[in-house]
Amino acid sequence: DQQVKQNSPSLSVQEGRISILNCDYTNSMFDYFLWYKKYPAEGPTFLISISSIKDKNEDGRFTVFLNKSAKHLSLHIVPSQPGDSAVYFCAASGGNSGGSNYKLTFGKGTLLTVNP
Amino acid sequence: ETGVTQSPTHLIKTRGQQVTLRCSSQSGHNTVSWYQQALGQGPQFIFQYYREEENGRGNFPPRFSGLQFPNYSSELNVNALELDDSALYLCASSFDRFYGYTFGSGTRLTVV
């Protein structure tokens, strides 16, 4: 039972254009969502997060949108740069008690390639 | 401020053996979690420790066990290794779940 889904295994965009990465979730108890970026041979690096009480959070070139009714979130990168090329993971937490609230449930990731 | 460090970076073990992986948490973080990332998959939650006690566990068998020490460093132990245990093992530390999780670079375990 995959509770966090990233249905696009890969995405290719031109430098300077917008990259949109999508994520769907099934557990309505999730209340905190995060995006991580991962380069080969490195651990995931935190990018941006959003609480379920918000529908948008922005940090520089990165914006995350949350649509709770559709159980959908997206990450927008504007403008895209070649250095953004990496695997992007969507993750969610919450819906449990105590320490289990810390558990992150990840999607399978989307490989973003930004072409010069 | 130091990040999360994991050792070793790579490891090759034989089926049936036991392995111990180590993690040093980021300074100020009191919670450590371990994740297994198989090829082509997202990280899967193994378990979490808070103040030296396990307080959350994923769908992993008891042969996966761990420890957290007073300095908040941690170990992941896997007994009776199976071929399917081959994966990248990631350690993450945090202070509060709303303040983010810092991941280490992982230990690549290969079971032959």
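In the block above lies the structure referred to throughout.
Calculation rules
Residues numbered from 1 in each chain as written. Chains lettered and ligands numbered in written order. Predicted model: local features only at pLDDT ≥ 70, side-chain atom pairs only at ≥ 80, totals over all residues. Heavy atoms only, no water. Helix = DSSP H or I, 4+ residues; strand = E, 2+ residues; numbered from the N terminus. Rg over C-alpha atoms; globule rule 2.2 N^0.38 Å. Buried < 20%, exposed > 50% of the residue type's maximum accessible area, 1.4 Å probe, protein only. Contact = heavy atoms within 4.5 Å. Buried area = accessible area lost by both parts, 1.4 Å probe. Salt bridge = Lys/Arg side-chain N within 4 Å of Asp/Glu carboxyl O. Polar contact = N/O pair within 3.5 Å; in protein donor to acceptor, adjacent residues only side chain to side chain. Nonpolar A, V, L, I, M, F, W, Y, C, P; charged D, E, K, R; others polar. 1 Å grid on protein atoms, 1.4 Å probe; cavity = no way out; pocket = protein on both sides within 12 Å on 5 of 7 lines; lining within 4 Å. Points joined across faces, edges and corners; volume = space filled by probe spheres on them.

**Q** What is the right way to read the overall build of chain B from this model?
**A** Helix and strand counts for chain B come out as 0 helices and 11 strands. The globule rule puts the C-alpha radius of gyration for 112 residues at 13 Å, and the 13 Å found for chain B is close to it. Considering only C-alpha atoms, chain B reaches an extent of 40 × 25 × 25 Å along its principal axes. For chain B, buried positions account for 50% of its 112 residues.

**Q** Help me understand the interface of chain B and chain A, please; the structure alone is not making it clear to me.
**A** Interface size is commonly expressed as the accessible area that is lost once the parts come together. Contacts between the two partners involve 22 residues from chain B and, on the opposite side, 22 residues from chain A. Of the roughly 1,800 Å² buried between chain B and chain A, counting both surfaces, carbon and sulfur atoms make up 56%. Joining chain B to chain A, the criterion identifies 0 salt bridges. Counting the contacts that link chain B with chain A gives 2 residue pairs in polar contact (both at pLDDT 80 or more). Looking at side-chain class alone, the side of chain B that touches chain A contains 9 nonpolar, 11 polar and 2 charged residues.

**Q** What is the right way to read the layout of surface pockets from this model?
**A** Looking at the largest pocket, its volume works out to about 450 Å³. What lines the largest pocket is a set of 24 residues, among which Lys 38 and Ala 41 of chain A together with Gln 37, Leu 88 and Arg 108 of chain B lie closest to the centre. Mapped by element, the contributors of at least two residues to the lining of the largest pocket are strand E9 (86-93) and strand E11 (110-115) of chain A. Take the lining of the largest pocket: its biggest share by element is 3 residues, from E9 of chain A.

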